[in-house]
Structure formats: C-alpha cells, structure tokens
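# Coordinate inspection notes
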Amino acid sequence: GIHMSETNAVARTPNPMPVGQLKEDRGFWKFFFLSLVTLGIYSLVWWSSISNDINVMASRYDGKKTMHYCLLFFVIDPLTCGIAYFVWNHKLCNRIGDEMRRRGMQQTISAKTFWGWSVLGVLILVGPMIYVHKLADAMNSLAHDYNRKG
C-alpha cells in the first residue's frame, strides 16, 4: 500500500504549470467593434483583464501589483483630473516589457510605446489604435508563454 509520507510528498510537489489559462486572442478590431457595440463596456472588461493578467504573470517575480483598471477608471483617474491614466499606462507598459525580458522574450513594449503611440500618436489620429494593437500583441505573447511554462 501507499504510506502517508509518500502521498504527502506527491501533494507537496510544486506544479510549474499555470492553474488557469490566460487570454491569447486579444486584438484591436475585436476591442474596437465590441467596445462600440457595448457602448464602452467591453473596453472596461478588456483593460481590466490586462491589469489582472499582468499581475497573475509578474507579481510573484517583481513584487508589484498593477491597479485594477476599474479602480483607476471610476475612482483614481477622476480624483487626479486624468493624470493617473498617464501614470498607470506608463507603469503598465514598462512592467509588460520587463516581464517579456525576464521571460527571455523580445521586448516589444515599454513606456515609450505608450507616450509615442497613444499620446503623441493622437496627432496622426491612428496612434492610439496602434498603441492598443501593440499592447494586445505583447499581452498575447506573454500569455502564450505563461500558458505553456507558468
């Protein structure tokens, strides 16, 4: 028969695989059309999933916690007259880039991506759309890696 000590040893073996799978199918057009159809509600869900997923992937390594997007959107941003939005995106992009580098992946995003495409990109109108596309691609790559390696 199996002794208790053997059963406990098996139960205590850490599992490097993730408990759940993160979304790998984020895309700009899906974001754009579903946000239009739902009058912006989908964009809250989309951004919230980004803040949740980066915390799932990176927090145990970098000790940081990205503020949940709904807290930013409904409370903190209005209290700071919109300044928190810029700080949140700046930190988010650097954190995603840092996590890509930590995983040995090509870093495709940083705070420069946010400031260049989302902020200055407003001048060419499509900049913020390119920012969302780049952010979605970076999160898809990270989620793909996480879903396979933990």
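### With respect to the nonpolar core
- Core analysis: the biggest nonpolar cluster contains 31 residues, and Trp 46, Trp 47, Leu 92, Ile 96, Leu 135 and Leu 142 have the highest contact counts within it.
- Broken down by secondary-structure element, the contributors of at least two residues to this core are helix H2 (28–37), helix H3 (41–62), helix H4 (69–79), helix H5 (83–102) and helix H7 (127–149).
- Among the elements that make up this core, the one with the highest residue count is H7 (9 residues).
- Sequence-distant contacts of Trp 46, that is, excluding residues within four places in its chain, are made with Arg 26, Phe 31, Val 132, Leu 135 and Ala 136.

### Details of the side chain of Thr 113
- Take Thr 113: it is sitting in helix H6 (residues 111–119).
- Judged by relative accessible area, which is 9%, Thr 113 ranks as buried.

Rules of the game
- Residues numbered from 1 in each chain as written.
- Predicted model: local features only at pLDDT ≥ 70, side-chain atom pairs only at ≥ 80, totals over all residues.
- Heavy atoms only, no water.
- Core = buried A, V, L, I, M, F, W, Y, C linked by side-chain atoms within 4.5 Å.
- Buried < 20%, exposed > 50% of the residue type's maximum accessible area, 1.4 Å probe, protein only.
- Helix = DSSP H or I, 4+ residues; strand = E, 2+ residues; numbered from the N terminus.
- Contact = heavy atoms within 4.5 Å.

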